[in-house]
Every structure is written in structure tokens, then in C-alpha cells.
Amino acid sequence: MPSTADLDAAARAAGNKPAEARTIGQALFAGTWPAQIIKVRVDGIGDHEVAGLVLSGVKFHGALDRAGFEREIEALVRQSFAAAPVEEIDVWATVPIPYDKREPVTGDYAQPVSRVVFAATCLRAELPGFGARLRAGEGVYWAPDFLRRL
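As a starting point, this report considers the structure included with it. (Residues numbered from 1 in each chain as written. Predicted model: local features only at pLDDT ≥ 70, side-chain atom pairs only at ≥ 80, totals over all residues. Heavy atoms only, no water.)

### A closer look at the packing of aromatic side chains
- Following the criterion strictly, the structure yields 5 aromatic pairs and no others.
- For the pair Phe69 and Phe118, a centre-to-centre distance of 5.1 Å together with 85 degrees between the ring planes defines the contact as edge-to-face. Taken as a pair, Phe69 in helix H3 (residues 66-83) and Phe118 in strand E5 (residues 114-123) lie far apart in primary sequence, 49 residues in all. Across the pair, exposure class does not vary: Phe69 and Phe118 are buried alike.
- Aromatic side chains Phe69 and Phe146 sit 5.5 Å apart centroid to centroid with 75 degrees between the ring planes, which places their arrangement in the edge-to-face category. Here Phe69 is found in helix H3, whereas its partner Phe146 is found in helix H5 (residues 144-149), with 77 residues between them in sequence.
- Using a relative accessible area of 1% as the deciding quantity, one classes Phe146 as buried. (Phe/Tyr/Trp six-rings, centres within 6.5 Å; stacked < 30°, edge-to-face > 60°. Helix = DSSP H or I, 4+ residues; strand = E, 2+ residues; numbered from the N terminus. Buried < 20%, exposed > 50% of the residue type's maximum accessible area, 1.4 Å probe, protein only.)

### Notes on the sheet that holds strand E6 (residues 140-142)
- With respect to topology, 6 strands assemble into an open sheet ordered E1-E2-E3-E4-E5-E6, the strand pairing being mixed. Both outer strands of the open sheet, strand E1 (13-14) and E6, are each paired with one neighbouring strand and no more.
- Sheet contacts for H3: strand E2 (37-45), strand E3 (48-56), strand E4 (88-96), E5 and E6; angle to E4, the most-contacted strand, approximately 140 degrees.
- Its contacts with the sheet place helix H4 (residues 127-136) against E5 and E6, and it is angled at close to 140 degrees to E5. (Pairing = 2+ DSSP bridges. Contact = heavy atoms within 4.5 Å. Axes fitted to C-alpha atoms, helices over the stretch in contact; angles between N-to-C directions.)

Structural data, given as C-alpha cells:
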């Protein structure tokens, strides 16, 4: 019988390396995080693999301030690197954009339905200093409105 972590990892895996995405997902979904993990993707070519973690910037599972969010990002990146031999991990948090349900959301005239409010990237070699870089805001994107809400 598959565990909840296995089911979540399978349902939320994406990219052209879905087995690797599931492996990372199983490690991450073994616990509960304040910011919900929406998608775990791994894309690669040859020996090069990059993981992407997409988080929800709304509907947190618990209270979360900036310091807590940064700690969660650092822990997610550390656990992802421990779970799979990817060389880079990109993390985004997104929030929905209100839209008119009569407007197309797919195809040539599609309007976006979400926007990125946080983004950070960590190469495996940068992992030891990643937490300090997050706290210093170096190489990190924060949407001002999202940051104010934390």
C-alpha cells in the first residue's frame, strides 16, 4: 500500500525526469511544511539535472513569517539535494491572479492565472552558504506585497 508521501510525490512530479522528481517528492512529502509544495519537477539532459520546487504563496499550513519562510526554503533545498544527485535546485512561490472566467487561460490568447512572488536558485556547490545568502537577500527575488504579508 503506497504511503501518502508516495501518492503526493507521484501526483506532483513533473519534468522530463519524473522518477527523480518522485524521489525528491517522497523525501519532501514525508513531513508537513508550512508552505504547501505544489509541484516537484526535474529536468535534465545527459548527466545534467535541475530540480524545481513550486510552492504556494497562499494557504499556509501554519503561521509563517519571513524568517520561517527562509528556514523552510533552506530545509527544502537541503533535503532535495540529499534525496537526488541534481546539480541545481530552483524554488518559486506563486500566488493566484484574479481573472475573468470568460477569458482564455490556455492557447494563443491566454492570460496568466498566477504570478511568482519568491524565487531563489542554489547550485549544489553553493549549499553551505545558501542559508546566509537567503537571509541577506542576495540573488533572491521577493515580491514586495508578498514580503509584507509574511
